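Analysis of the macromolecular model
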Amino acid sequence: MHRILRHTLILAIVSTTVFTGSVSASTRQTPNNQVDTIQNSDAGDIQRRQWLPQRGVCGTEEPSSQLKAAHKRLSLTEYRHAEGGRVDSNASRATADSLPRINVDTWFHVVSTSDQVNLVTNLMIASQFMYLQQAYQNASIHYNLMGVDRSINDTWARNGDSAAMKRTLRKGSYGTLNIYFQTNLEVSDPEGASSRLYAPFGHHHQHHGQNFDERDVSSSPSSPNLLGFCTLPNPDINSTSSIDDYFNDGCNILASTMPGGSIEHYNRGGTTVHEVGHWHGLLHTFQGQTCSAGADGDYISDTPQQSTPTEGCPASKDSCPDLPGMDAISNFMDYSSDDCYQSFTTEQAMRMRSMWSTMREGK
Ligand SMILES: [Zn+2]
(Lines give C-alpha, C1' and ligand atoms only; values in the text may rest on other atoms or scores of the structure.)
Protein backbone atom coordinates (compact mmCIF):
# COMPACT_ATOMS: atom_id res chain seq x y z
CA MET A 1 0.00 0.00 0.00
CA HIS A 2 2.77 2.34 0.95
CA ARG A 3 4.50 1.53 -2.29
CA ILE A 4 1.42 2.27 -4.36
CA LEU A 5 0.89 5.59 -2.64
CA ARG A 6 4.47 6.58 -3.16
CA HIS A 7 4.30 5.80 -6.84
CA THR A 8 1.12 7.80 -7.16
CA LEU A 9 2.83 10.72 -5.49
CA ILE A 10 5.79 10.53 -7.83
CA LEU A 11 3.48 10.41 -10.83
CA ALA A 12 1.64 13.46 -9.52
CA ILE A 13 4.88 15.38 -9.15
CA VAL A 14 6.07 14.36 -12.57
CA SER A 15 2.74 15.21 -14.10
CA THR A 16 2.91 18.67 -12.60
CA THR A 17 6.30 19.17 -14.13
CA VAL A 18 5.21 17.87 -17.47
CA PHE A 19 1.91 19.63 -17.74
CA THR A 20 2.35 22.91 -15.92
CA GLY A 21 6.05 23.19 -15.22
CA SER A 22 8.79 24.56 -17.35
CA VAL A 23 7.44 23.17 -20.55
CA SER A 24 8.41 25.11 -23.60
CA ALA A 25 6.97 24.23 -26.92
CA SER A 26 9.03 24.78 -29.97
CA THR A 27 7.76 24.03 -33.38
CA ARG A 28 10.04 23.74 -36.31
CA GLN A 29 9.03 22.58 -39.70
CA THR A 30 11.09 21.68 -42.67
CA PRO A 31 9.88 20.60 -46.05
CA ASN A 32 9.60 16.87 -46.42
CA ASN A 33 12.61 15.47 -48.13
CA GLN A 34 13.01 12.31 -50.07
CA VAL A 35 13.88 10.16 -47.10
CA ASP A 36 10.66 11.08 -45.37
CA THR A 37 8.72 10.25 -48.50
CA ILE A 38 10.31 6.84 -48.66
CA GLN A 39 9.68 6.19 -44.99
CA ASN A 40 6.05 7.13 -45.26
CA SER A 41 5.38 5.05 -48.32
CA ASP A 42 2.99 2.13 -48.12
CA ALA A 43 5.87 -0.30 -48.56
CA GLY A 44 7.60 1.17 -45.53
CA ASP A 45 4.46 0.89 -43.41
CA ILE A 46 3.98 -2.73 -44.35
CA GLN A 47 7.57 -3.44 -43.52
CA ARG A 48 7.18 -1.78 -40.16
CA ARG A 49 4.14 -3.87 -39.29
CA GLN A 50 6.10 -6.99 -40.07
CA TRP A 51 8.80 -6.25 -37.55
CA LEU A 52 9.37 -9.17 -35.29
CA PRO A 53 11.13 -7.84 -32.24
CA GLN A 54 13.94 -10.16 -31.31
CA ARG A 55 16.65 -7.92 -30.04
CA GLY A 56 16.75 -4.24 -29.57
CA VAL A 57 19.25 -2.05 -31.28
CA CYS A 58 21.75 -0.15 -29.20
CA GLY A 59 24.05 2.08 -31.21
CA THR A 60 26.23 3.32 -28.38
CA GLU A 61 29.82 3.56 -29.53
CA GLU A 62 32.64 1.37 -28.30
CA PRO A 63 34.44 2.80 -25.24
CA SER A 64 37.63 4.73 -25.87
CA SER A 65 40.89 3.43 -24.45
CA GLN A 66 40.77 6.37 -22.04
CA LEU A 67 37.36 5.36 -20.73
CA LYS A 68 38.52 1.76 -20.35
CA ALA A 69 41.51 2.97 -18.36
CA ALA A 70 39.17 5.03 -16.19
CA HIS A 71 37.07 1.91 -15.52
CA LYS A 72 40.16 0.03 -14.44
CA ARG A 73 41.31 2.82 -12.16
CA LEU A 74 37.88 3.40 -10.63
CA SER A 75 37.36 -0.29 -9.97
CA LEU A 76 40.28 -0.07 -7.57
CA THR A 77 39.63 3.31 -5.98
CA GLU A 78 35.91 3.10 -5.32
CA TYR A 79 36.43 0.44 -2.65
CA ARG A 80 39.12 2.48 -0.93
CA HIS A 81 36.88 5.52 -0.81
CA ALA A 82 34.11 3.54 0.77
CA GLU A 83 36.15 2.13 3.63
CA GLY A 84 38.61 4.82 4.55
CA GLY A 85 41.44 3.47 2.49
CA ARG A 86 40.84 -0.19 3.23
CA VAL A 87 40.07 -2.34 0.24
CA ASP A 88 36.95 -4.25 1.21
CA SER A 89 34.43 -5.59 -1.23
CA ASN A 90 31.74 -5.43 1.45
CA ALA A 91 32.13 -1.68 1.47
CA SER A 92 30.42 -1.52 -1.88
CA ARG A 93 27.36 -3.17 -0.39
CA ALA A 94 26.20 0.17 0.92
CA THR A 95 22.49 0.69 0.59
CA ALA A 96 20.96 3.57 -1.31
CA ASP A 97 19.91 5.08 2.02
CA SER A 98 23.49 5.54 3.12
CA LEU A 99 24.69 7.01 -0.17
CA PRO A 100 24.60 10.75 -0.69
CA ARG A 101 22.10 11.55 -3.39
CA ILE A 102 23.45 12.48 -6.80
CA ASN A 103 21.15 14.98 -8.52
CA VAL A 104 21.16 15.02 -12.30
CA ASP A 105 19.39 17.88 -14.04
CA THR A 106 17.50 16.32 -16.92
CA TRP A 107 15.80 17.61 -20.06
CA PHE A 108 13.45 15.63 -22.25
CA HIS A 109 13.29 16.72 -25.90
CA VAL A 110 10.48 15.12 -27.89
CA VAL A 111 11.15 15.34 -31.62
CA SER A 112 8.39 14.23 -33.98
CA THR A 113 7.69 14.15 -37.67
CA SER A 114 4.78 16.30 -38.74
CA ASP A 115 2.57 13.26 -39.17
CA GLN A 116 3.45 11.75 -35.76
CA VAL A 117 2.96 14.79 -33.59
CA ASN A 118 0.63 12.89 -31.26
CA LEU A 119 2.77 9.75 -30.95
CA VAL A 120 4.33 10.75 -27.65
CA THR A 121 1.68 11.58 -25.07
CA ASN A 122 2.26 13.44 -21.82
CA LEU A 123 1.40 10.23 -19.97
CA MET A 124 4.19 8.40 -21.83
CA ILE A 125 6.61 11.14 -20.84
CA ALA A 126 5.55 10.99 -17.19
CA SER A 127 5.72 7.18 -17.13
CA GLN A 128 9.15 7.15 -18.76
CA PHE A 129 10.50 9.62 -16.26
CA MET A 130 9.05 7.64 -13.35
CA TYR A 131 10.67 4.42 -14.59
CA LEU A 132 14.02 6.15 -15.06
CA GLN A 133 13.82 7.51 -11.53
CA GLN A 134 12.94 4.14 -10.02
CA ALA A 135 15.60 2.24 -11.92
CA TYR A 136 18.40 4.35 -10.46
CA GLN A 137 17.12 4.49 -6.89
CA ASN A 138 19.53 1.82 -5.68
CA ALA A 139 22.43 3.91 -6.96
CA SER A 140 20.92 6.93 -5.20
CA ILE A 141 21.01 8.78 -8.50
CA HIS A 142 18.10 11.19 -8.73
CA TYR A 143 16.90 12.96 -11.86
CA ASN A 144 15.46 16.47 -11.71
CA LEU A 145 13.20 16.90 -14.71
CA MET A 146 13.91 20.50 -15.64
CA GLY A 147 11.51 20.55 -18.54
CA VAL A 148 10.07 18.93 -21.62
CA ASP A 149 10.11 20.54 -25.02
CA ARG A 150 8.57 19.36 -28.23
CA SER A 151 9.80 19.92 -31.75
CA ILE A 152 8.21 19.01 -35.04
CA ASN A 153 10.92 18.43 -37.61
CA ASP A 154 10.92 15.57 -40.08
CA THR A 155 14.70 15.67 -40.48
CA TRP A 156 15.53 15.76 -36.80
CA ALA A 157 12.96 13.07 -36.00
CA ARG A 158 15.01 10.56 -37.99
CA ASN A 159 18.22 12.05 -36.56
CA GLY A 160 19.22 13.73 -39.76
CA ASP A 161 21.37 16.77 -39.05
CA SER A 162 21.75 15.75 -35.42
CA ALA A 163 24.37 18.44 -34.87
CA ALA A 164 21.86 21.18 -35.65
CA MET A 165 19.23 19.50 -33.50
CA LYS A 166 21.50 19.21 -30.48
CA ARG A 167 22.99 22.67 -30.89
CA THR A 168 19.45 24.03 -30.88
CA LEU A 169 17.87 21.90 -28.18
CA ARG A 170 20.61 20.84 -25.75
CA LYS A 171 20.47 22.53 -22.38
CA GLY A 172 22.76 22.78 -19.37
CA SER A 173 26.33 21.71 -18.79
CA TYR A 174 28.23 18.45 -19.28
CA GLY A 175 26.57 17.20 -16.09
CA THR A 176 23.10 17.80 -17.53
CA LEU A 177 21.32 14.80 -19.03
CA ASN A 178 19.63 15.57 -22.34
CA ILE A 179 17.41 12.87 -23.80
CA TYR A 180 16.03 13.19 -27.33
CA PHE A 181 12.96 11.02 -27.92
CA GLN A 182 12.73 10.79 -31.70
CA THR A 183 9.82 9.24 -33.54
CA ASN A 184 11.91 7.90 -36.45
CA LEU A 185 15.37 7.47 -35.00
CA GLU A 186 18.02 6.22 -37.39
CA VAL A 187 21.76 6.10 -37.14
CA SER A 188 23.19 9.49 -37.93
CA ASP A 189 24.42 10.21 -41.39
CA PRO A 190 28.21 10.03 -41.92
CA GLU A 191 28.51 13.80 -41.61
CA GLY A 192 26.61 13.80 -38.33
CA ALA A 193 28.34 14.79 -35.14
CA SER A 194 27.91 11.37 -33.60
CA SER A 195 29.86 9.76 -36.44
CA ARG A 196 27.74 6.67 -36.27
CA LEU A 197 26.80 5.08 -39.51
CA TYR A 198 24.05 2.89 -40.69
CA ALA A 199 25.17 -0.67 -41.13
CA PRO A 200 23.09 -3.70 -42.07
CA PHE A 201 21.85 -5.42 -38.94
CA GLY A 202 22.72 -8.75 -37.53
CA HIS A 203 26.46 -8.27 -37.81
CA HIS A 204 29.11 -6.32 -36.08
CA HIS A 205 30.89 -3.77 -38.13
CA GLN A 206 33.81 -1.53 -37.95
CA HIS A 207 34.05 1.80 -39.63
CA HIS A 208 36.77 4.33 -39.07
CA GLY A 209 37.96 2.22 -36.17
CA GLN A 210 34.62 2.26 -34.38
CA ASN A 211 32.46 -0.70 -33.60
CA PHE A 212 28.74 -0.51 -33.96
CA ASP A 213 26.68 -2.83 -31.90
CA GLU A 214 23.16 -3.52 -32.84
CA ARG A 215 20.11 -4.76 -31.06
CA ASP A 216 18.08 -5.95 -33.97
CA VAL A 217 14.32 -5.50 -33.80
CA SER A 218 13.91 -5.78 -37.51
CA SER A 219 13.20 -8.89 -39.51
CA SER A 220 14.36 -7.15 -42.63
CA PRO A 221 17.82 -5.72 -43.19
CA SER A 222 16.27 -3.10 -45.44
CA SER A 223 14.18 -1.59 -42.65
CA PRO A 224 16.83 -0.27 -40.33
CA ASN A 225 15.75 0.59 -36.88
CA LEU A 226 17.49 1.56 -33.77
CA LEU A 227 16.24 1.69 -30.20
CA GLY A 228 18.75 4.20 -28.99
CA PHE A 229 22.25 5.30 -28.20
CA CYS A 230 24.02 7.61 -25.78
CA THR A 231 27.38 9.24 -25.60
CA LEU A 232 29.72 7.66 -23.08
CA PRO A 233 31.55 10.04 -20.72
CA ASN A 234 34.51 11.73 -22.38
CA PRO A 235 37.49 11.96 -19.99
CA ASP A 236 38.83 14.91 -22.00
CA ILE A 237 35.98 17.20 -20.92
CA ASN A 238 36.84 19.44 -18.00
CA SER A 239 35.23 22.36 -16.20
CA THR A 240 36.56 24.86 -18.72
CA SER A 241 35.46 22.94 -21.80
CA SER A 242 33.31 24.82 -24.26
CA ILE A 243 29.87 23.62 -25.31
CA ASP A 244 31.45 23.11 -28.74
CA ASP A 245 33.35 20.20 -27.19
CA TYR A 246 30.26 18.40 -25.95
CA PHE A 247 27.10 19.68 -27.68
CA ASN A 248 26.67 16.14 -28.97
CA ASP A 249 26.50 14.73 -25.45
CA GLY A 250 23.24 13.02 -24.54
CA CYS A 251 20.89 10.19 -25.40
CA ASN A 252 18.89 9.49 -28.54
CA ILE A 253 15.93 7.21 -27.95
CA LEU A 254 13.34 5.82 -30.36
CA ALA A 255 10.13 7.32 -28.99
CA SER A 256 8.08 4.16 -29.45
CA THR A 257 10.21 2.45 -26.77
CA MET A 258 8.65 4.71 -24.14
CA PRO A 259 6.05 3.13 -21.84
CA GLY A 260 2.92 2.63 -23.91
CA GLY A 261 4.87 2.74 -27.18
CA SER A 262 4.25 0.45 -30.09
CA ILE A 263 7.21 -1.97 -30.01
CA GLU A 264 6.02 -5.05 -28.20
CA HIS A 265 8.36 -6.22 -25.41
CA TYR A 266 10.41 -3.06 -25.83
CA ASN A 267 7.81 -0.55 -24.75
CA ARG A 268 8.24 -0.32 -21.00
CA GLY A 269 10.90 2.34 -21.05
CA GLY A 270 13.83 -0.02 -20.57
CA THR A 271 15.73 1.38 -23.54
CA THR A 272 16.06 4.76 -21.85
CA VAL A 273 17.27 3.14 -18.63
CA HIS A 274 19.83 1.06 -20.60
CA GLU A 275 21.10 4.02 -22.60
CA VAL A 276 21.35 6.35 -19.63
CA GLY A 277 23.50 3.63 -18.05
CA HIS A 278 25.93 4.26 -20.93
CA TRP A 279 25.74 8.02 -20.27
CA HIS A 280 26.88 7.20 -16.74
CA GLY A 281 29.77 5.20 -18.22
CA LEU A 282 28.51 1.62 -17.95
CA LEU A 283 29.33 -0.88 -20.69
CA HIS A 284 27.35 -3.92 -21.81
CA THR A 285 27.44 -7.00 -19.57
CA PHE A 286 28.72 -8.88 -22.63
CA GLN A 287 31.41 -6.30 -23.44
CA GLY A 288 34.30 -7.98 -25.26
CA GLN A 289 32.08 -10.98 -26.11
CA THR A 290 34.46 -13.60 -24.87
CA CYS A 291 34.73 -16.29 -22.23
CA SER A 292 38.49 -16.12 -22.18
CA ALA A 293 39.85 -15.90 -18.68
CA GLY A 294 41.36 -12.60 -17.71
CA ALA A 295 39.30 -10.57 -20.19
CA ASP A 296 38.26 -7.18 -18.87
CA GLY A 297 34.64 -7.55 -19.96
CA ASP A 298 32.56 -4.69 -18.57
CA TYR A 299 35.11 -3.91 -15.82
CA ILE A 300 32.44 -4.80 -13.25
CA SER A 301 33.24 -7.73 -11.01
CA ASP A 302 29.73 -8.63 -9.87
CA THR A 303 28.34 -9.19 -13.38
CA PRO A 304 29.34 -12.69 -14.49
CA GLN A 305 31.39 -12.90 -17.67
CA GLN A 306 29.11 -13.14 -20.68
CA SER A 307 30.04 -13.80 -24.29
CA THR A 308 26.80 -13.08 -26.13
CA PRO A 309 24.02 -10.49 -25.93
CA THR A 310 20.75 -11.88 -24.62
CA GLU A 311 17.80 -11.90 -27.00
CA GLY A 312 14.28 -11.52 -25.68
CA CYS A 313 13.71 -12.81 -22.16
CA PRO A 314 14.80 -16.43 -21.74
CA ALA A 315 14.22 -18.25 -18.44
CA SER A 316 17.98 -18.43 -18.00
CA LYS A 317 21.17 -18.32 -20.02
CA ASP A 318 24.81 -19.18 -19.49
CA SER A 319 27.08 -18.16 -22.36
CA CYS A 320 30.26 -18.97 -20.39
CA PRO A 321 29.38 -22.29 -18.73
CA ASP A 322 32.95 -22.93 -17.59
CA LEU A 323 33.06 -19.66 -15.68
CA PRO A 324 31.18 -18.79 -12.48
CA GLY A 325 27.69 -17.35 -12.66
CA MET A 326 24.83 -17.32 -15.12
CA ASP A 327 24.38 -14.48 -17.60
CA ALA A 328 22.83 -11.45 -15.92
CA ILE A 329 19.80 -11.45 -18.21
CA SER A 330 17.78 -9.17 -15.92
CA ASN A 331 20.54 -6.58 -15.85
CA PHE A 332 19.75 -3.26 -17.51
CA MET A 333 23.05 -3.40 -19.42
CA ASP A 334 22.28 -6.65 -21.26
CA TYR A 335 20.27 -6.65 -24.51
CA SER A 336 17.29 -8.48 -23.04
CA SER A 337 13.78 -7.24 -23.75
CA ASP A 338 12.10 -4.86 -21.33
CA ASP A 339 10.18 -7.77 -19.74
CA CYS A 340 13.48 -9.08 -18.44
CA TYR A 341 15.02 -5.84 -17.18
CA GLN A 342 15.15 -5.48 -13.41
CA SER A 343 18.26 -3.97 -11.92
CA PHE A 344 21.82 -2.75 -11.82
CA THR A 345 24.30 -4.60 -9.62
CA THR A 346 25.84 -2.98 -6.57
CA GLU A 347 29.13 -2.48 -8.34
CA GLN A 348 27.48 -0.98 -11.40
CA ALA A 349 25.80 1.48 -9.04
CA MET A 350 29.12 2.33 -7.43
CA ARG A 351 30.79 2.71 -10.82
CA MET A 352 28.12 5.10 -12.09
CA ARG A 353 28.64 7.16 -8.95
CA SER A 354 32.41 7.30 -9.30
CA MET A 355 32.06 8.04 -13.02
CA TRP A 356 29.75 10.89 -12.06
CA SER A 357 32.20 12.43 -9.62
CA THR A 358 35.18 12.08 -11.96
CA MET A 359 33.61 12.67 -15.36
CA ARG A 360 30.55 14.92 -15.10
CA GLU A 361 30.04 16.55 -11.71
CA GLY A 362 30.83 20.27 -11.82
CA LYS A 363 31.62 20.19 -15.54
ZN1 LIG B 1 23.86 -0.44 -25.13
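Now for a description of the structure that goes with this document. (Residues numbered from 1 in each chain as written. Predicted model: local features only at pLDDT ≥ 70, side-chain atom pairs only at ≥ 80, totals over all residues.)

A count of helical and extended segments in the protein chain gives 10 helices and 8 strands. Taking all 363 residues of the protein chain together, the buried fraction comes to 42%. Relative to all contacts within the protein chain whose residues are 6 or more apart in sequence, the contacts with residues 24 or more apart total 73%. (Helix = DSSP H or I, 4+ residues; strand = E, 2+ residues; numbered from the N terminus. Buried ≥ 20, exposed ≤ 12 C-beta atoms within 10 Å, placed from the backbone. Contact = placed C-beta atoms within 7 Å.)

Let us look at helix α10 (residues 346-360). The end-to-end C-alpha separation of α10 is 20 Å, in line with the 21 Å expected for 15 residues at 1.5 Å each. With 11 of its 15 residues buried, α10 lies for the most part within the structure. Within the sequence span of α10, burial applies to Glu347, Gln348, Ala349, Met350, Arg351, Met352, Arg353, Ser354, Met355, Met359 and Arg360. Once α10 ends, the next one or two residues include Gly362, with phi positive near 75 degrees. (Expected span 1.5 Å × (residues − 1).)

Another aspect to go through is unusual backbone geometry. Within the chain, Asn159 stands out as a residue other than glycine whose phi angle is a positive 70 degrees. Despite not being glycine, Gln289 has its phi angle at roughly 45 degrees, a positive value. With respect to the helices and strands, the residue Gln289 is situated in the loop between α9 (270-279) and α10.

Attention now moves to α9. Counted residue by residue, α9 has 10 buried out of 10 residues, so it is predominantly covered. Burial in α9 covers these residues: Gly270, Thr271, Thr272, Val273, His274, Glu275, Val276, Gly277, His278 and Trp279. Against the buried residues of α9 lie α5 (122-135), β4 (177-182), β7 (228-230) and β8 (251-254). Count one or two residues on from α9 and you reach Gly281, which has phi positive near 100 degrees.

As paired strands, strand β2 (residues 102-112) and strand β3 (residues 141-152) are joined by 11 bridges and run parallel to one another. Looking at the pairing, Asn103 lines up with His142 of β3. Each parallel crossover has a hand, and the one from β2 via α5 to β3 is right-handed. (Pairing = 2+ DSSP bridges. Right-handed = clockwise from strand over helix to strand, strands pointing away.)

Looking now at the pairing of β8. Residues Cys251 and Ile253 point to one face of β8 and Asn252 and Leu254 to the other, with burial holding for every one of them. Across 4 bridges, the pairing between β4 and β8 is parallel. Paired with Tyr180 across the bridge in β8 is Asn252.

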